[in-house]
Amino acid sequence: MGSPSESSVEPLGHGLTDSSKATKAKPGLKKIPPYWYPYTTMAKGRWLGREILEVVSTEFRDRSMEFYRYALQSGVTTINGQVAQPDTIIRNGDRIENVSHRHEPPVTSTPVRIVHHDKEREFIVIDKPGSIPVHAAGRYFRNSLVEILKNDFGFEKVYTVNRLDRLTSGLMILPLNAKLANIVTQEFVNGRVRKEYIARCKGKFPEEEVVCEEPLLTVDRQMGLNIVHPEGKPAKTIFKRIRYDENTDTSVLHCRPLTGRSHQIRVHLQYLGHPIANDPVYSDSRIWGEKLGKGGIDLVPSEERAAPQAPSHFQFDAASNPESLHTTPASTNPQPAMAREEDGKGGGEAPKPKLLPRETGHDIGMGSPVPLSAEAVGIITRLRNMKDEAEDWGRWRDVVFRAKGKLTPHGYSIPLPPQNRRKRGGPAFSAAELTAHEQKGEGPAEDGEAASEPPGVDQLTLDDVAKLSLSTPPLSEVPTPAAAEPSPPSAAPASETDSTQRPAAFAVSEPVLTDAAEAGGMHYCPECYVPLHPDPKPESLYIFLHALRYTTSLGCFETEMPEWAAEGWEWEREQAR
């Protein structure tokens, strides 16, 4: 098909002048109570030959350096069935398993919507709200699209042949069998799918059609940062303005990506000087400066790095800093040691402590395919700091576990039972559960046989969480002082010797309240001692980017226009954006 013209774009705006579109009820939040969950993964290439503490602390940033060492020393992580220590080296073929207390971030209460279900050809078309990730990743599992479709709609297996960013809303085509998935995947790969998106960007976008063909490269996996770079993958997007709203100095655009790179529309619009108006990554002057990344950033490689700095209102000495594992202050620009200094070297001098990459700032750029410039390093650093600030500096408050015993996952014994004694494709059972199962003469479940699992819970609203017998009201709304964990009113007390009894998989415990310096104190989880963050505002969980229409061999499918595309639409904007 040819490029869209002004006349071909306008019909996409059906309902744009309907004032009712702009007065819909504001969405709330869906929350999943915390739960213990076992992860299993095979060693990745970038992990080989590195200590597991170094890997964990560079791959994840939700907790402090000190907590990750404490968790490993508690024995919750195994490699090939053996409890791992912080200095255990990861080898090729290692199977790594970890039991962690999962605190899933809230997502919007706006439901996933089935646009079309073709039972004969076996595929569905859905409208995904912004804030919901497609796959389980990071802190998300039950609040991921794949799990929602399984638990709430009964689709046991969907094939995600096209994906949307977590913050992006809109259309997805999901085959329900492998054969159709391969066919549709090839259509996407070969550019035979016409994809049409709607975006609201900053400023007055040019009226004429604009084509951007800048190559894109992912330079930071943790923050999901992509930039225009000559060594990136080819990318092409066609933009056409639908309207300009003077009241907000923003433009509503029709976007046609001809390739499918990560964050393609977002980065191309930023490069053109018109980033998506509420994009928390690519549209904030506090991160990118006044130019907001227009025309790209400096690419001259730099080796400069700096150790993470605590916010000014925290006062840490070298021994109490949760982001440093050593009492010896680091030098101005230390190099991370990749191996321990041997005792006795250096003419009797005491060996220097080995600093891990995250302690020195050298974790920035470790996953980048190209050397990073000083500007890129600064952008990543500021992105990390803004994420920490949004989470109330939780990593820097991560100290409560110092006064506690070992981390103890309820309902699981370490090491986890062997893979052949678990339900295929399901969560691991604890050793106690398996023993009880076998004592009844049932034996381990055969492949394909449905084994008894801990009860699951459908997606929950704040009201649902508050009504659970073991739960408390949302922590951001009702601070709860430290208290003994309550028992369910209707449940009989469990025997101390009953090893098969296990708390509900999604039970919420009372939070721990500490005597923090700030008014009101700080809440911590009593299970894993994680600092509990305030709930985000629902309107901060999505961006103004929506997959409107796909045309494939299966047909042409589309959603309604998003409410934020309405003429004159306004929203609450954060300061200094």
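In this text the structure is predicted, and so the values were computed from the model without any measurement.

J.: Quick one: what's the story with the overall build of the protein, residue by residue and with numbers?
T.: Along its length, the protein carries eleven helices and 19 strands. Expressed as a percentage of its 577 residues, the buried residues of the protein come to 48%. Taking all contacts inside the protein whose residues are at least 6 apart in sequence as the whole, residues at least 24 apart take part in 71%. Taken as a whole, the protein presents about 28,000 Å² of accessible surface, with 50% of it coming from carbon and sulfur.

J.: An account of the sheet that holds strand S3 (residues 77-79) is needed here, citing residue identities and associated values.
T.: Strand order in the open sheet formed by four strands is S2-S5-S3-S4, and the pairing between neighbours is antiparallel. A single partner strand is all that each edge strand has here, and the edge strands are strand S2 (35-42) and strand S4 (82-83). Here two bridges tie S3 to S4, and the two strands are oriented antiparallel to one another. What sits directly across from Thr78, in S4, is Val83.

J.: Quick one: what's the story with the side chain of Asp245, residue by residue and with numbers?
T.: Relative to the helices and strands, Asp245 is located in strand S14 (residues 237-245). At 3.1 Å, the side chain of Asp245 forms a polar contact with the backbone nitrogen of Gly568. Those residues in contact with Asp245 that lie beyond four places of it in its chain are Arg200, Thr250, Ala566, Glu567, Gly568 and Trp569.

J.: Before we move on, can you summarise the nonpolar core with the specific residues and values?
T.: By size, the foremost hydrophobic cluster in this structure holds 57 residues, and its most contacted members are Leu149 and Leu269. Among the nonpolar cores identified, the runner-up in size contains 31 residues, and Val55, Tyr70, Val76 and Leu325 belong to it.

J.: Requested: an account of helix H9 (residues 374-390), with residues and values cited.
T.: Over its 17 residues, H9 extends 24 Å from the first C-alpha to the last, a length consistent with the 24 Å expected when each residue adds 1.5 Å. Every buried residue of H9 is listed here: Ala376, Val377, Gly378, Ile379, Ile380, Leu383, Arg384 and Asp388. Turning to H9, the residues buried within the fold contact strand S12 (216-220), strand S13 (225-228) and helix H7 (285-288). Looking one or two places after H9, you find Asp392, whose phi comes out positive at around 60°.

J.: I'd like a rundown of helix H4 (residues 145-153), residues and numbers included.
T.: Among the residues of H4, Leu145, Glu147, Ile148 and Leu149 are the ones counted as buried. Elements that come into contact with the buried residues of H4 comprise strand S7 (113-118), strand S8 (123-128) and strand S9 (169-175). Phi turns positive, to about 85°, at Gly154, one or two residues after H4.

J.: Go over unusual backbone geometry with me, naming the residues and quoting the values.
T.: The phi dihedral of Asn80 is positive, around 55°, even though this residue is not glycine. If you trace the backbone, Asn80 turns up in the loop between S3 and S4. Given the relative accessible area of 40%, Asn80 is considered partly exposed. With phi around 65°, Tyr529 is a residue other than glycine that occupies positive phi space. Along the chain, the position of Tyr529 falls in the loop between strand S17 (522-524) and strand S18 (545-552). Given the relative accessible area of 10%, Tyr529 is considered buried.

J.: Give me the lowdown on the environment of Thr551, citing residues and values where you can.
T.: Tracing the sequence through the fold places Thr551 in strand S18. Sequence separation between Thr551 and Val193 is 358 residues; the distance between their C-alpha atoms is 5.7 Å. Setting aside anything within four residues of it in sequence, one finds Thr551 in contact with Arg192, Val193, Arg194, Glu196 and Cys556.

J.: A description of the pattern of salt bridges should follow, citing residues and the corresponding values.
T.: Scanning all chains against the criterion turns up 22 salt bridges. Among the ionic pairs, Asp62 bridges to Arg139, the shortest N-O distance being 3.6 Å. Of this pair, Asp62 sits in the loop between helix H2 (52-59) and helix H3 (65-74) while Arg139 sits in the loop between S8 and H4; the two residues are 77 residues apart in sequence, bridging distant segments of the chain. A salt bridge links Arg194 to Glu196; the nearest nitrogen and oxygen atoms lie 3.2 Å apart. Exposure class is identical for Arg194 and Glu196. Each is buried. When salt bridges with common partners are traced through the structure, they connect Arg194, Glu196, Arg549 and Glu558 into a single cluster.

J.: Run through empty space enclosed by the protein, naming residues and quoting values.
T.: One pass over the full model with this rule turns up three cavities of 30 Å³ or more. Approximately 70 Å³ is the volume found for the largest cavity. Looking at the largest cavity, the residues that line it are Asn226, Ile227, Val228, Val267, Gln270, Tyr271, Trp288, Gly293, Gly296 and Ile297. Taken together, the residues of the lining of the largest cavity break down into six nonpolar, four polar and no charged. Counted as a void, the second largest cavity has a volume near 50 Å³. Broken down by class, the residue content of the lining of the second largest cavity amounts to eight nonpolar, two polar and one charged.

Parameters at a glance
Residues numbered from 1 in each chain as written. Predicted model: local features only at pLDDT ≥ 70, side-chain atom pairs only at ≥ 80, totals over all residues. Heavy atoms only, no water. Helix = DSSP H or I, 4+ residues; strand = E, 2+ residues; numbered from the N terminus. Buried < 20%, exposed > 50% of the residue type's maximum accessible area, 1.4 Å probe, protein only. Contact = heavy atoms within 4.5 Å. Areas by Shrake-Rupley, 256 points an atom, 1.4 Å probe, with all protein chains shown as cover. Pairing = 2+ DSSP bridges. Polar contact = N/O pair within 3.5 Å; in protein donor to acceptor, adjacent residues only side chain to side chain. Core = buried A, V, L, I, M, F, W, Y, C linked by side-chain atoms within 4.5 Å. Expected span 1.5 Å × (residues − 1). Salt bridge = Lys/Arg side-chain N within 4 Å of Asp/Glu carboxyl O. 1 Å grid on protein atoms, 1.4 Å probe; cavity = no way out; pocket = protein on both sides within 12 Å on 5 of 7 lines; lining within 4 Å. Points joined across faces, edges and corners; volume = space filled by probe spheres on them. Nonpolar A, V, L, I, M, F, W, Y, C, P; charged D, E, K, R; others polar.

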